[in-house]
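Close look at the chain arrangement
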Amino acid sequence: MKRLTLLGATGSIGLRTLEIVSSFPEEFQVAGLAARGSNVELIADLCRKFSPAAVALLDRGAVDRLSRLLAPPRPELLAGPEGLVALARDAEADVIVSALVGAAGLLPTMAGILAGRTVALANKETLVMAGNLMTAAARRRGVKLLPVDSEHSAIFQCLVGHNRGDVHRILLTASGGPFRETPRARLATVTVEDALRHPTWKMGAKITIDSATLMNKGLEIIEARWLFDLTPDRVQVVVHPQSIIHSMVEYIDGSVIAQLGVADMGVPILYALTYPERRPTPAARLDLTRVGQLTFFEPDTEKFPCLRLARTALEHGSAAPVVLNAANEIAVAAFLERRIGFNDIAALIERALGDARTDDVASIEECVAVDVETRARVRTLVEGRTA
Ligand code: NAD
Ligand code: MG
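The rules behind these values
- Residues numbered from 1 in each chain as written.
- Chains lettered and ligands numbered in written order.
- Predicted model: local features only at pLDDT ≥ 70, side-chain atom pairs only at ≥ 80, totals over all residues.
- Heavy atoms only, no water.
- 1 Å grid on protein atoms, 1.4 Å probe; cavity = no way out; pocket = protein on both sides within 12 Å on 5 of 7 lines; lining within 4 Å.
- Points joined across faces, edges and corners; volume = space filled by probe spheres on them.
- Helix = DSSP H or I, 4+ residues; strand = E, 2+ residues; numbered from the N terminus.
- Pairing = 2+ DSSP bridges.
- Axes fitted to C-alpha atoms, helices over the stretch in contact; angles between N-to-C directions.
- Core = buried A, V, L, I, M, F, W, Y, C linked by side-chain atoms within 4.5 Å.
- Buried < 20%, exposed > 50% of the residue type's maximum accessible area, 1.4 Å probe, protein only.
- Contact = heavy atoms within 4.5 Å.
- Near = heavy atom within 4 Å.
- Polar contact = N/O pair within 3.5 Å; in protein donor to acceptor, adjacent residues only side chain to side chain.
- Areas by Shrake-Rupley, 256 points an atom, 1.4 Å probe, with all protein chains shown as cover.
- Donors = N, O, S within 2.8 Å, 3.2 Å for Na, K, Ca; no water.
- Nonpolar A, V, L, I, M, F, W, Y, C, P; charged D, E, K, R; others polar.

**So, the layout of surface pockets**
Reported here for the second largest pocket is a volume of approximately 440 Å³. Forming the walls of the second largest pocket are 20 residues, and the residues nearest its centre are Arg 164, Trp 226, Leu 227, Phe 228 and Asp 229. Counting residues per element, the lining of the second largest pocket draws most heavily on helix H10 (residues 215–228), which supplies four residues.

As structure tokens, then:
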């Protein structure tokens, strides 16, 4: 029996993971659940269904409401950012499913690593911010960081059984998002609804906007750099609108190995939870004759500057990826609140990177400080734009 703690239990990845837990009741048990606390009724349902030993909610008021909704014996209830850290550190779990969105996941995920727990990682923003520190801590503790992101799960699977020195490059596939065929001049006026209409994946709002700007692919280049210890020039982005090939590894002898499957996060989640074993999928299977065609294009970095900005930040290193991520989080939130236009997202990030510190980020505390400082700076820029 594997005991799981889910960080981000009420989100798109969290709920999909819990469906898998339900499909394999003899294999998985829920040790802990964490979420923001915006939907207490849902969390109460999850507690009744999965009987976690502990629950942590960011929102302290939500913890009181949850306590009133649950009949004893209740799970241990924890509150605030320190509650999430305590849950990841102390709840007796074999695996932490890291599926909070954004920088909020950094300290709890790090706490899980330091406690020696395997991490199934969906929360790519944490690796963007602190890939060096997280992978070093995982190595020191002998902890596995298993990818949940579909592209990274694909790369991971294409690497199994091969010599790492034989890798020529990684071909990271991208759907191209909802604006792949939208003329560049039209992007200034696209709406939040347009941007939330993703062609192939159903996901949380933040990553859906990241997919529309292609920042998601930029974050994934940085994620691949840390998960697979690759130099950035070894990662090439290929637009593949059908989202059937989830990524590929090209070897020095010219062989290209791909991983294919339906666009369902259940597949990479299940692999991360059962690795190195496999289990029969409870979900739909791929039928290539129904897909018919697989097509491939070069990404347009003029139209989608976020891809270029992410590469620049990675090459620059030190504080730049932290600034990139923080600026993106604030800009995406402002776009979702309809305070700025779609093209302002990239403009704000470029501006934030231009003013960024260049000194090294040597600890998680420094990383958090750069994150907090950048958020404040970009919020001021947003105010300036909306004023
Ligand atoms: P989501 O918005 O659906 O869910 C986010 C979860 O995190 C919720 O449980 C929410 O309560 C919690 N949360 C959000 N902010 C929080 C905060 N400040 N403090 C505590 N809890 C907070 O997001 P998602 O789509 O499930 O994505 C989660 C992560 O997985 C992201 O990093 C995303 O990039 C990554 N990811 C998602 C998918 C996908 O298909 N959804 C695919 C690949 C990677
Ligand atoms: Mg992905």
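**Let's talk about the sheet that holds strand E5 (residues 95–98)**
Read across the open sheet, the seven strands follow the order E4-E3-E2-E1-E5-E6-E7; overall the sheet is parallel. Across the chains shown, the open sheet's two edge strands, defined by having one partner strand only, are strand E4 (76–79) and strand E7 (145–147). With strand direction ignored, the average angle separating the axes of adjacent strands in the sheet is 20°. Strand direction decides the pairing type here: strand E3 (residues 54–57) and E4, joined by four bridges, are parallel. Residue Ala 56 lies in a different strand from E4, and its bridge partner there is Leu 78.

**Thoughts on the nonpolar core**
The biggest cluster of nonpolar side chains holds 130 residues, and the ones touching the most others in it are Ile 113, Leu 324, Ile 345 and Ile 349. When neighbours within four sequence positions are excluded, Leu 324 is seen to be in contact with Met 215, Leu 219, Ile 222, Leu 309, Ala 310, Ala 313, Ile 349 and Leu 353.

**Some details on the site of ligand 1**
Looking at ligand 1, there are 23 residues lining it, with Thr 10, Ser 12, Arg 36, Glu 125 and Gly 204 nearest. Separating an oxygen atom of ligand 1 from a side-chain N or O atom of Thr 10 is a distance of 2.6 Å. Arg 36 places a polar main-chain atom, nitrogen or oxygen, 2.9 Å from an oxygen atom of ligand 1. The fraction of the free accessible surface of ligand 1 (810 Å²) that becomes covered by protein chains is 89%. Contributions of two or more residues to the shell around ligand 1 are made by helix H1 (12–23) and helix H6 (124–141).

**Examining the coordination of the magnesium ion (ligand 2)**
Donor atoms from the polypeptide that coordinate the magnesium ion (ligand 2) comprise Asp 149 (OD), Glu 151 (OE) and Glu 220 (OE), at 2.0 to 2.2 Å from the metal. The sequence pattern describing where the donors of the magnesium ion (ligand 2) fall on their chain is D-x1-E-x68-E. Highlighted residues: Glu 151 in helix H7 (residues 150–159) and Glu 220 in helix H10, separated in sequence by 69 residues. You'll find Glu 151 and Glu 220 in the same group, each marked buried.

**A look at empty space enclosed by the protein**
All chains considered together, the criterion is met by two cavities of 30 Å³ or more. Looking at the largest cavity, its volume works out to about 40 Å³. As for the largest cavity, its lining consists of Ser 150, Ser 153, Ala 154, Gln 157, His 246, Gln 259, Val 267 and Pro 268. Among the elements of the structure, H7 and helix H11 (266–274) are those that each provide at least two residues to the lining of the largest cavity. If you tally residues by element for the lining of the largest cavity, the top one is H7, at four residues. Taken together, the residues of the lining of the largest cavity sort by class into three nonpolar, five polar and no charged. Here the second largest cavity defines a volume of roughly 30 Å³. Among the secondary structure elements, those contributing two or more residues to the lining of the second largest cavity are strand E2 (28–35), helix H2 (40–50) and E3. Here the lining of the second largest cavity is built from residues that sort into nine nonpolar, no polar and no charged.

On their own, these measurements won't tell you what the molecule is for.
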